[in-house]
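Coordinate analysis (summary)
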Amino acid sequence: MTQQSAFVIGATGQVGRATVRALAADGYQVRAASRGGGRDESWPAEVRAVRLDRADDAALAGALGEGCDVLVDCVAYGRDEARQLLGLADRIGSAVVISSVAVYEDGQGRSLDTQNEPDGSPAYPVPIPESQPTVEPGEGTYATRKAALERELLADGRLPATLLRAGAIHGPHSRTPRELYFVKRVVDGRRARILAHGGESRFHPVHVANIAELVRLAARRPGSRVLNAADPQAPTVAEISAAVDAALGAPESELVLMDGAPETGPVGQTPWSAARPVVCDMSAAQRELGYRPVTDYAASLPETAEGLARRLAEEPDWRAAFPEMAKAYDPHLDLFDYAAEDAWLAGQGYSVAR
């Protein structure tokens, strides 16, 4: 039997590392393409690292060579990347492309893009099926560009493509780790966790190992489809706070809950905070691919949390340790405005140990 071949774009990113590992373990001959051409220490020796600037069409065509059985694109962002892949469709057996739950809109024109606008919180069904309407494709935002990527690939018909709509991605090697919000507070000895929306916000997470498993299964069952990608549970933000404490062996923090949205400024707002839940329906992946998750949030969290704590020990300035995280949230949300938290607690009459 001829060995199947895989070409992974964005191989040294958070999703790419796990994907290369999963495909290699499943018997694929893997070429791992990234801008730096680096390797992950967990990959087997037979994985071939390839240096690639994916924005360069000629470079991608040259690196792909005679082609592959499956191409996995972990970094495709919009219409241009879709057209780039379609231009190479005669060399690609099938594709698996990472998209996002950000493409969903609630039928009233509201999406995660409008979350911070007045009455902007989308009211999605719980859980969200893949049949839920999506935002109009465009170039204006992350969500509209991902929608354009999906629409272009699925409408063309030349390339069987599975689009995986990922939730809040977590796991090792994240450049924008949401868990940092709670890990740093544990490291800094902060006891209070001020949480908006009663601590009940849910933004469905997905571990990179679960995404990699979905990629592996989709590669074995080529087709043109969209599937959600999420963990088996969607914990609340209060449950995530407690899980981080447990993962780091810290006493459980004291929760101070706001009934609704943050009253002023960033206090109470977290990277998971939303007025309404974002929870994905995973039944289609189970039905079409035979998908079963390989881990869940609580079981996978210690590796992530301990890694973040080690990084903060090496570089206490979180902006220097995680520059892309700082860029993503500042100036809209200062994740660690402890002075504002203390002032709010004092104003509410709390004597909680900070």
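A quick note: this is a predicted structure, and the numbers were derived from the prediction, not measured. (Residues numbered from 1 in each chain as written. Predicted model: local features only at pLDDT ≥ 70, side-chain atom pairs only at ≥ 80, totals over all residues. Heavy atoms only, no water.)

1. Description of the pattern of salt bridges
On inspection of all chains with the given rule, the structure shows 23 salt bridges. Here Glu-324 and Arg-175 are joined by a salt bridge, their closest N and O atoms 3.6 Å apart. Placement of the pair is Glu-324 in helix H11 (residues 323-329) and Arg-175 in the loop between strand E7 (168-170) and helix H5 (180-187), with a sequence separation of 149 residues. Residue Glu-324 is classed as partly exposed on the basis of its relative accessible area, which comes to 44%. Among the salt bridges present, the one from Glu-213 reaches Arg-216, with a minimum N-O distance of 2.9 Å. (Salt bridge = Lys/Arg side-chain N within 4 Å of Asp/Glu carboxyl O. Helix = DSSP H or I, 4+ residues; strand = E, 2+ residues; numbered from the N terminus. Buried < 20%, exposed > 50% of the residue type's maximum accessible area, 1.4 Å probe, protein only.)

2. Points about empty space enclosed by the protein
Within the structure shown, the criterion is met by two cavities of 30 Å³ or more. Counted as a void, the largest cavity has a volume near 40 Å³. The wall of the largest cavity is formed by Tyr-181, Arg-185, Pro-266, Val-267, Gly-268, Gln-269, Asp-334, Leu-335, Phe-336, Asp-337 and Glu-341. Looking at side-chain class alone, the lining of the largest cavity contains five nonpolar, two polar and four charged residues. Considered as a void within the structure, the second largest cavity measures approximately 30 Å³ in volume. (1 Å grid on protein atoms, 1.4 Å probe; cavity = no way out; pocket = protein on both sides within 12 Å on 5 of 7 lines; lining within 4 Å. Points joined across faces, edges and corners; volume = space filled by probe spheres on them. Nonpolar A, V, L, I, M, F, W, Y, C, P; charged D, E, K, R; others polar.)

3. Focus on the packing of helix H3 (residues 79-86) against helix H4 (residues 142-156)
As a packed pair, H3 and H4 sit with axes 7 Å apart at the nearest point and diverge in direction by 25°. As the angle between them shows, H3 and H4 are arranged roughly parallel. When you trace H3 past H4, the crossing you get is right-handed. Residues Arg-79, Ala-82, Arg-83, Leu-85 and Leu-86 of H3 pack against Arg-145, Ala-148, Leu-149, Glu-152, Leu-153 and Asp-156 of H4. Residue classes in the contact of H3 with H4 are distributed as six nonpolar, no polar and five charged. (Axes fitted to C-alpha atoms, helices over the stretch in contact; angles between N-to-C directions. Parallel < 35°, antiparallel > 145°, perpendicular 65-115°, else oblique. Left-handed = near helix turned anticlockwise from the far one by under 90°. Contact = heavy atoms within 4.5 Å.)

4. Digging into the environment of Leu-52
Looking at the element boundaries, Leu-52 is found in the loop between strand E3 (48-51) and helix H2 (57-64). Remark: the alpha-carbon pair of Leu-52 and Pro-160, spanning 108 residues in sequence, is separated by 23 Å. With residues near it in sequence (within four places) discarded, Leu-52 still touches Phe-7, Ala-33, Ser-34, Arg-35, Ala-59, Leu-60 and Ala-63.

5. Some words on the sheet that holds E3
Think of a sheet as strands paired side by side through backbone hydrogen bonds, with each pair either parallel or antiparallel. Taken together, the seven strands give an open sheet; going across it, the order is E3-E2-E1-E4-E5-E6-E10, and neighbouring strands pair in parallel fashion. At either end of the open sheet lies a strand with only one pairing partner, and these are E3 and strand E10 (225-229). On average, each strand axis in the sheet is tilted by 20° relative to the strand beside it, whichever way the strands run. Relative to strand E2 (residues 29-34), strand E1 (residues 5-9) is paired through five bridges, and the arrangement is parallel. Along E2, the bridge assignment pairs Val-8 with Ala-32. (Pairing = 2+ DSSP bridges.)

6. Some points on H4
A rise of 1.5 Å per residue sets the reference length of H4, with its 15 residues, at 21 Å; its end C-alpha atoms lie 22 Å apart and thus fit the reference within 8%. Along H4, the residues that are buried comprise Ala-143, Thr-144, Lys-146, Ala-147, Ala-148, Leu-149, Glu-150 and Leu-153. Those residues of H4 that are buried are in contact with H3, strand E5 (92-100), strand E6 (161-166) and E10. Residue Gly-157 follows H4 closely and has a positive phi angle near 90°. (Expected span 1.5 Å × (residues − 1).)

7. Here we look at the pairing of E1
Most of E1 sits out of view: five of its five residues are buried. The two faces of E1 match: Ser-5, Phe-7 and Ile-9 on one face and Ala-6 and Val-8 on the other face are all buried. Traced from E1 through helix H1 (residues 14-25) to E2, the parallel crossover comes out right-handed. Bridging between E1 and strand E4 (residues 68-73) involves four bridges; their strand directions are parallel. Considered in E4, the bridge of Ala-6 is made with Val-70. (Right-handed = clockwise from strand over helix to strand, strands pointing away.)

8. Quick notes on the side chain of Asp-245
As for its position among the elements, Asp-245 is in helix H7 (residues 237-247). The contact partners of Asp-245, leaving out residues within four places of it in the chain, are Val-186, Arg-193, Ala-250, Pro-251, Glu-252 and Ser-253.

9. Some thoughts on the side chain of Asp-73
For Asp-73, the position within the fold is in strand E4. On the accessibility criterion, Asp-73 (0% relative accessible area) is buried. A distance of 3.1 Å separates the side chain of Asp-73 from the backbone nitrogen of Val-75, its partner in a polar contact. Polar side-chain contacts of Asp-73 include one of 2.9 Å to the backbone nitrogen of Ala-76. Ignoring sequence-local partners within four residues, the contact set of Asp-73 consists of Ile-9, Arg-54, Leu-85, Val-96, Val-97 and Ile-98. (Polar contact = N/O pair within 3.5 Å; in protein donor to acceptor, adjacent residues only side chain to side chain.)

10. Concerning the packing of aromatic side chains
A full pass over the atoms with the stated rule returns seven aromatic pairs. On the numbers, 5.1 Å between centres and 70° between planes, the contact of Trp-318 with Phe-336 is edge-to-face. Of this pair, Trp-318 sits in helix H10 (residues 318-321) while Phe-336 sits in the loop between H11 and helix H12 (338-347), placing them 18 residues apart in sequence. In this pair, the class of Trp-318 matches that of Phe-336, namely buried. (Phe/Tyr/Trp six-rings, centres within 6.5 Å; stacked < 30°, edge-to-face > 60°.)

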